[in-house]
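Commentary on secondary and tertiary structure
Each chain is listed here by its residues.
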Amino acid sequence: MTDVPAETKGSATAVPEAMAWDNRARRVVLLYVPLACFVLILLFPFYWMAVTSFKPNAELYDYKTYNPFLIGSPTLDHIYKLLFQTAYPKWLLTTMLIAVCSTFLSLFSSVLAAYAIQRLRFRGSQYVGLAIYLAYLVPPSILFIPLATVVFQLGLFDSPLALILTFPTFLVPFCTWLLIGYFKSIPYELEECALIDGATRLQILRRITLPLAVPGLISAGIFSFTLSWNEFIYSLAFIQSSEKKTVPVAIITELISGDVYQWGALMAGSLLGSLPVAIFYSFFVDYYVSSLTGAVKE
C-alpha cells in the first residue's frame, strides 16, 4: 500500500481543528459575550444597591480615597436605621397586604371573565376580549384622576382598601387577556365530556379547567403581584399618612429630607423591598416557565 504523504496528513488534521476553532470563536461571540453583557446589565443595579447598603457614609461620599465598587469597612448602620428608626417594617407589611389582596381579587375576576369570553362562545366575545385588553393600554396617569374622585366619594382616601380596589383596574385587563390565550389551548372536548356527564359550568371550571390552567394562573399571579408591589402613582395619590404608605412611595418621601438623600438607607430599603418579589419568583419559576412554553395539548 502506498503511504500518504505527511503534508496531506497535516492538512487533513488542520481542517477539523480550524473548523472547531471557528465554532468555538463563533459561540463565544454570539452566545457568551451577549449573555455576559445581559447578566452584567441585569445584576449590576442589585450589586450597587447591596454595596451602597453596607458602606459607611465616609466611603459613600469619598470616591477619591475609596473604590466605589468595593466595600472597605462593612457596616449595618443603614439597615439598623431603616428597620428600627423608621416605620419600614410597617410599610413592608402594608405593601404585602395590598399586593396579596389585589392579586387574589384580580385573579378571581380575570378567571371568570376569561372563561366566559373564551369557553362560552357568545356573540361578540372576541371583541369583548379585545376591548378588555385595550383598557390595559390606558396609562395610569390618566386613570388615577377619575379614580381619585371615586375614592374620595366612597370615603376610602388614605386607606389600604383604596389601593386594593384600584389596583385591579390595570391588573384585570392584562390577566384576562393572558388567561384567554391559555384557556384557548385547553382541549374543549374535555368540557364537552363533562357536560354530557351532567356537570355544571362552575364544576367544569373548578375541577377541570382551573387544574389544567395552573401554570397560566401562576404567570398571571406573578404579574399581578409584581405590579402591585412596585406601583407608585396610585400609592402616592391615595395614601397620605406616613405609616400607611407602601415601600416604593415611603422610601422616597420619608427618607429624603429636602435636598438631603440618605443613600445608604434608600438603597437598603430598595434592596429589602425587592427580596419578597425575588422569593416569590423563586417558588413559582417552574410554573412560570411552563406557562410561557406551552399549555395542554390535545
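Reading the values: rules and limits
- Residues numbered from 1 in each chain as written.
- Predicted model: local features only at pLDDT ≥ 70, side-chain atom pairs only at ≥ 80, totals over all residues.
- Heavy atoms only, no water.
- Salt bridge = Lys/Arg side-chain N within 4 Å of Asp/Glu carboxyl O.
- Buried < 20%, exposed > 50% of the residue type's maximum accessible area, 1.4 Å probe, protein only.
- Phe/Tyr/Trp six-rings, centres within 6.5 Å; stacked < 30°, edge-to-face > 60°.
- Helix = DSSP H or I, 4+ residues; strand = E, 2+ residues; numbered from the N terminus.
- Axes fitted to C-alpha atoms, helices over the stretch in contact; angles between N-to-C directions.
- Parallel < 35°, antiparallel > 145°, perpendicular 65-115°, else oblique.
- Contact = heavy atoms within 4.5 Å.
- Nonpolar A, V, L, I, M, F, W, Y, C, P; charged D, E, K, R; others polar.

1. Notes on the pattern of salt bridges
Between side chains of opposite charge, a pair can form as their charged atoms come close. Tallying each qualifying case throughout the model produces three salt bridges. Here glutamate 254 makes a salt bridge to lysine 245, at a shortest N to O gap of 2.9 Å. Overall, the relative accessible area of 10% leaves lysine 245 in the buried class. Through salt bridges with shared partners, one network takes in Arg119, Glu191 and Arg201.

2. So, the packing of aromatic side chains
Inspection of the entire model under this criterion finds 15 aromatic pairs. When the centroid spacing of 4.7 Å and the interplanar angle of 15° are considered together, the rings of phenylalanine 152 and phenylalanine 157 count as stacked. Ring centres 5.7 Å apart and planes at 50° place the aromatic pair phenylalanine 170 and tyrosine 234 in the tilted group. Taken together, the positions of phenylalanine 170 in helix H8 (residues 168-184) and tyrosine 234 in helix H12 (residues 233-238) put the pair 64 residues apart, joining distant regions of the chain.

3. A look at the packing of helix H10 (residues 201-212) against helix H11 (residues 214-230)
Across the interface, H10 lies against H11 with an axial gap of 4 Å and an inter-helix angle of 70°. Our classification of the angle between H10 and H11 gives roughly perpendicular. Two secondary-structure elements touch here, H10 through Leu210, Pro211 and Leu212 and H11 through Val214, Pro215 and Leu217. Grouping the constituent residues of the contact of H10 with H11 by class yields six nonpolar, no polar and no charged.

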